[in-house]
Amino acid sequence: MSLHIPDTQVCLWTLGHENPSSLATYTAHGGYEAIRKILAEKMPAGEIIEQVKVSALRGRGGAGFPTGLKWSFMPRDYVGDKYIVCNTDEGEPGTFKDRDILIYNPHQLIEGMLIAGYALGARAGYNYIHGEIFEQYQSWEKALEEARAAGLLGHDILGSGWDFDLHAHHGYGAYICGEETALLESIEGKKGQPRFKPPFPASFGLYGKPTTINNTETLASIPWIMRHGGQAFLELGKPNNGGSKIFSISGHVNKPGNYEIPLGTPFATLLEMAGGVRNGHKLKAVIPGGSSAPVLPGEVMMDLTLDFDAIAKAGSMLGSGAVIVMDETVCMVRALERLSYFYYEESCGQCTPCREGTGWMHRIVRRIEHGQGRPEDLEELVRIGGNIAGRTICALGDAAVGPVVSFVRHFRAEFEYHIENKRCLVGA
Amino acid sequence: MLSQEALAQIDQEARKYPAEQRQSVVMSALRIAQAELGWLSRETIAFVADYLDMPAIAVYEVATFYNMYDLEPVGRHKLTLCTNLPCQLQGADRIAEHLKARMGIDFNETTADGRFTLKEGECMGACGSGPLCLHNNHRMHTHLTPESVDKLMDELK
């Protein structure tokens, strides 16, 4: 499925091998060597965290926060249990990379969680797996059994005297649980409503214990960093944007799929790898980082490189690396109607601006799409957005506003045409 | 109310969590109960609450918060079609129309013979393989075409 590019693939390199997900395949190519070395040498935790800092690995779940810095927030001399949690609650429309890591390289995630657990002094780790991918929940549990049988998990790992275990926790359909404190609430057996911060999870996390939550791709990158060094990872990408990154490209391309390429690769290259815009159509718009990222016009996107800083400078965000491509046949009003429904549906209901505002925005976009728009609607949308953004406990409010404001900004004429003519400009 | 096998599965899941954090298993317990009984009635929710020594309202909160739990009876085969933007761009609307026409029902309805329930779903995290649907929450069918939908429906008796 995905293109195989040797050397720059950090997470999906097993794709070119037979039985990509097996322990045998992983160990035959250097798998679990990093944790063996760490345990054999009793490597100080500070050294591991330093390598992660040098690598400039930034969180792959969407926020892009520096992983080494996040790890350094964990209290080192805390007496009691600490936890490492992996966030595989992959439900940001357009994002489908973590599922492929579970399918094709589950052991690298296990090794990454082992290294993180060791470096952060955790007693156990949980991997929160998106409800809709039950098959991968089951297959990852099988990989855990394989690792346990090989002495890589549980009591006295590899004879080192270190005890650590990993478990899978299955979600059951709530986008909000991708927010790290909602995810913790969910593991605790509650509604997944985000917590007020501070305190942050590093001081009050799972069961009130110090906890670090990282994305699947982030944790799966750790063994590579420890094996090859933080500097080598940094050099795969560009300054402040270390490593390769999996880009999930979907929508109107000939070959949708995952492409793991260095950060800083031009968007035009990724588009070409994905076979170009389908059937020779013209590129109209791109959402570069999952549905929450502001949309950009196609011509703007064609000049950009895919890294956190370049996309941010252009007014959007790299997010989870989910690139949604739209060609000239797309009605932007209709596309926004679907996205705005998503945020309305998935708001957890805790904060009034988000709970009420997402529904309000969706109803306005819906009436524009269905020929009942009013001249004041576009201003109203922007105004409501301004009253949601920055006024909620978590980022879902801002995430809901990003698409609305950017669609209206970049494709205003289409929205106005809908309101005035009560029909669509596309194909008119 | 639940079989010994189901209770054993719940106990197995519970071993993942610290003994004093039994509530952590509630999501799995509800999933296992739903898989066995088809949907979650008030009685089932109360039973799970008793079994986990939780207040019934706390279990009810969880059951109503996560959208893969069914609080009303569904058909033997529940198909949940993702219609979110990436799937929509890749033809989910055509698949939705086809499913509705073949089943003779709309979203959130069940066929009169109790065979199918059709749901509209949110992102399932496999957009590169869309359009796609979930069968009874646990099995994903990807790259849907009207032909593959026909084949799938014929297989589901």
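What counts, and at which threshold
Residues numbered from 1 in each chain as written. Chains lettered and ligands numbered in written order. Predicted model: local features only at pLDDT ≥ 70, side-chain atom pairs only at ≥ 80, totals over all residues. Heavy atoms only, no water. Helix = DSSP H or I, 4+ residues; strand = E, 2+ residues; numbered from the N terminus. Buried < 20%, exposed > 50% of the residue type's maximum accessible area, 1.4 Å probe, protein only. Contact = heavy atoms within 4.5 Å. Rg over C-alpha atoms; globule rule 2.2 N^0.38 Å. Areas by Shrake-Rupley, 256 points an atom, 1.4 Å probe, with all protein chains shown as cover. pLDDT = per-residue confidence, 0-100. Pairing = 2+ DSSP bridges. Core = buried A, V, L, I, M, F, W, Y, C linked by side-chain atoms within 4.5 Å. Domains from an automatic or database assignment. Phe/Tyr/Trp six-rings, centres within 6.5 Å; stacked < 30°, edge-to-face > 60°. Lys NZ or Arg CZ within 6 Å of the ring centre and 35° of its normal. Axes fitted to C-alpha atoms, helices over the stretch in contact; angles between N-to-C directions. Parallel < 35°, antiparallel > 145°, perpendicular 65-115°, else oblique. Left-handed = near helix turned anticlockwise from the far one by under 90°. Nonpolar A, V, L, I, M, F, W, Y, C, P; charged D, E, K, R; others polar. Buried area = accessible area lost by both parts, 1.4 Å probe. Salt bridge = Lys/Arg side-chain N within 4 Å of Asp/Glu carboxyl O. Polar contact = N/O pair within 3.5 Å; in protein donor to acceptor, adjacent residues only side chain to side chain.

Asker: Can you tell me about the overall build of chain B, naming the residues and giving the values?
Answerer: Check the secondary structure of chain B and you find seven helices and five strands. Seen in sequence order, chain B has helices and strands lined up from the N terminus as α-α-α-α-β-α-α-β-β-β-β-α. For chain B, the C-alpha atoms occupy an extent of roughly 50 × 35 × 25 Å along the three principal directions. By the burial criterion, 57% of the 157 residues in chain B qualify as buried. Taking all contacts inside chain B whose residues are at least 6 apart in sequence as the whole, residues at least 24 apart take part in 60%.

Asker: Can you tell me about the overall build of chain A, naming the residues and giving the values?
Answerer: On a plain count of helices and strands, chain A comes out with 18 helices and 11 strands. Here chain A has a C-alpha radius of gyration of 22 Å; the compact-globule value for 428 residues is 22 Å, and the two agree. C-alpha extents for chain A along the principal axes are approximately 75 × 45 × 35 Å. Looking at the 428 residues of chain A, the share that counts as buried comes to 62%. Per element, the accessible surface of chain A, about 15100 Å² overall, is 52% carbon and sulfur.

Asker: Summarise the confidence of the model for chain A; cite the residues concerned and give the values.
Answerer: Looking at chain A, pLDDT values average 95 and 98% of them are 70 or higher. Low pLDDT (under 50) marks residues 1-6 of chain A, which in the prediction has 15 contacts with non-local residues, meaning those over four places away or in another chain.

Asker: Kindly report on unusual backbone geometry, identifying the contributing residues and their values.
Answerer: Comment: phi is negative for the bulk of residues other than glycine, and the bulk of peptide bonds are trans. For the peptide bond that leads from A:Lys197 to A:Pro198, omega is 0 degrees, which places it in the cis range. Here A:Pro198 shows up in the loop between α8 (180-187) and β4 (211-215). Note that the residue after B:Gly130, namely B:Pro131, is joined by a cis bond; omega there is -5 degrees. Along the chain, B:Pro131 falls in the loop between β3 (116-121) and β4 (133-135).

Asker: Just give me the short version of the pairing of β3(B), but keep the residues and values in it.
Answerer: Residues and elements named next belong to chain B. Two elements, strand β1 (residues 77-82) and β3, share six bridges in a ladder whose sense is parallel. Looking at the pairing, cysteine 82 lines up with glycine 121 of β3. Note: strand β2 (residues 109-110) against β3, two bridges, orientation antiparallel. From the neighbouring strand, glutamate 109 faces β3, where its bridge partner is leucine 118.

Asker: Would you mind going over the nonpolar core in detail, with residue names and values included?
Answerer: Counting 146 residues, the largest nonpolar core has A:Trp71, A:Trp140, A:Met326, A:Phe407 and B:Tyr66 as the members making the most contacts within it. Looking at this core, the element that brings in the most residues is helix α6 (residues 106-120) of chain A, giving eight residues. Both domains that furnish three or more residues to this core are identified here as domain 1 (4-65) and domain 2 (77-156) of chain B. When near neighbours in sequence (up to four residues on either side) are disregarded, A:Phe407 contacts A:Ile287, A:Val295, A:Met326, A:Met332, A:Ala335, A:Leu336, A:Leu339, A:Arg412 and A:Phe415. Listed in part, the 23 residues of the second largest apolar core include A:Ile249, A:Phe267, A:Ala274 and A:Ile311.

Asker: Before we move on, could you go through the packing of aromatic side chains and cite the residues and values that matter?
Answerer: Within this structure, the stated rule accounts for 18 aromatic pairs over all chains. Their ring planes at 85 degrees and their centres at 5.2 Å tell us that A:Tyr26 and A:Tyr32 sit as a pair that is edge-to-face. On the basis of relative accessibility, which here comes to 0%, the residue A:Tyr32 falls in the buried class. Linked through ring pairs, A:Tyr83, A:Tyr126, A:Tyr207 and B:Tyr17 together constitute an aromatic cluster. A cation sits over an aromatic face here: A:Lys245 above A:Phe247, 5.9 Å from the ring centre.

Asker: Describe the packing of helix α2 (residues 26-37) of chain B against helix α3 (residues 42-52) of chain B, naming the residues involved and giving the relevant values.
Answerer: Residues and elements named next belong to chain B. Between α2 and α3, the shortest axis-to-axis distance is 11 Å and the interhelical angle comes to 140 degrees. With respect to their mutual orientation, α2 and α3 come out oblique. Viewed along their axes, α2 and α3 form a crossing whose handedness is right-handed. Contact residues: α2 offers Val26, Ala29, Leu30, Ala33 and Leu37, while α3 offers Thr44, Val48 and Leu52. Here the residues of the contact of α2 with α3 sort into seven nonpolar, one polar and no charged.

Asker: I'd like a description of the pairing of β4(A), backed by residues and values.
Answerer: All names here are of chain A. With respect to burial, β4 is a largely interior element, five of its five residues being buried. Of the two faces of β4, the one lined by Thr211, Ile213 and Asn215 and the one lined by Thr212 and Asn214 are each fully buried. In this sheet, β4 lies alongside strand β1 (residues 83-88) in parallel orientation, the contact comprising five bridges. Each bridged residue has a counterpart across the sheet, and for valine 85 the counterpart in β4 is isoleucine 213.

Asker: Lay out the sheet that holds strand β6 (residues 257-262) of chain A in plain terms, naming residues and giving numbers.
Answerer: What links the strands of a sheet is backbone hydrogen bonding, and the strands pair in either a parallel or an antiparallel sense. Residue and element names in this part refer to chain A. The five strands are arranged β6-β5-β11-β8-β9 in an open sheet whose pairing can be described as mixed. The sheet is open, and its two edges are formed by β6 and β9 (296-297), each paired on a single side. As paired strands, strand β5 (residues 244-251) and β6 are joined by six bridges and run antiparallel to one another. What sits directly across from phenylalanine 247, in β6, is tyrosine 259.

Asker: Requested: an account of the interface of chain B and chain A, with residues and values cited.
Answerer: Between chain B and chain A, the contact holds 42 residues from the first and 57 residues from the second. Taking both partners together, chain B and chain A bury about 4000 Å²; carbon and sulfur atoms supply 54% of that area. The salt bridge involving B:Asp93 is made with A:Arg334; its shortest N-O contact spans 2.1 Å. The interface formed by chain B and chain A holds 25 residue pairs in polar contact (both at pLDDT 80 or more) in total. Elements supplying a minimum of two residues to the side of chain B that touches chain A: α2, α4 (56-65), α5 (85-89), β3 and β5 (139-141) of chain B. Per-class residue counts for the side of chain B that touches chain A are 19 nonpolar, 15 polar and eight charged.

Asker: Could you give an account of the confidence of the model for chain B, with specific residues and numbers?
Answerer: In this model, chain B carries an average pLDDT of 97, and 100% of its residues clear a pLDDT of 70 or more. The complex model carries a pTM of 0.96, and its ipTM stands at 0.97.

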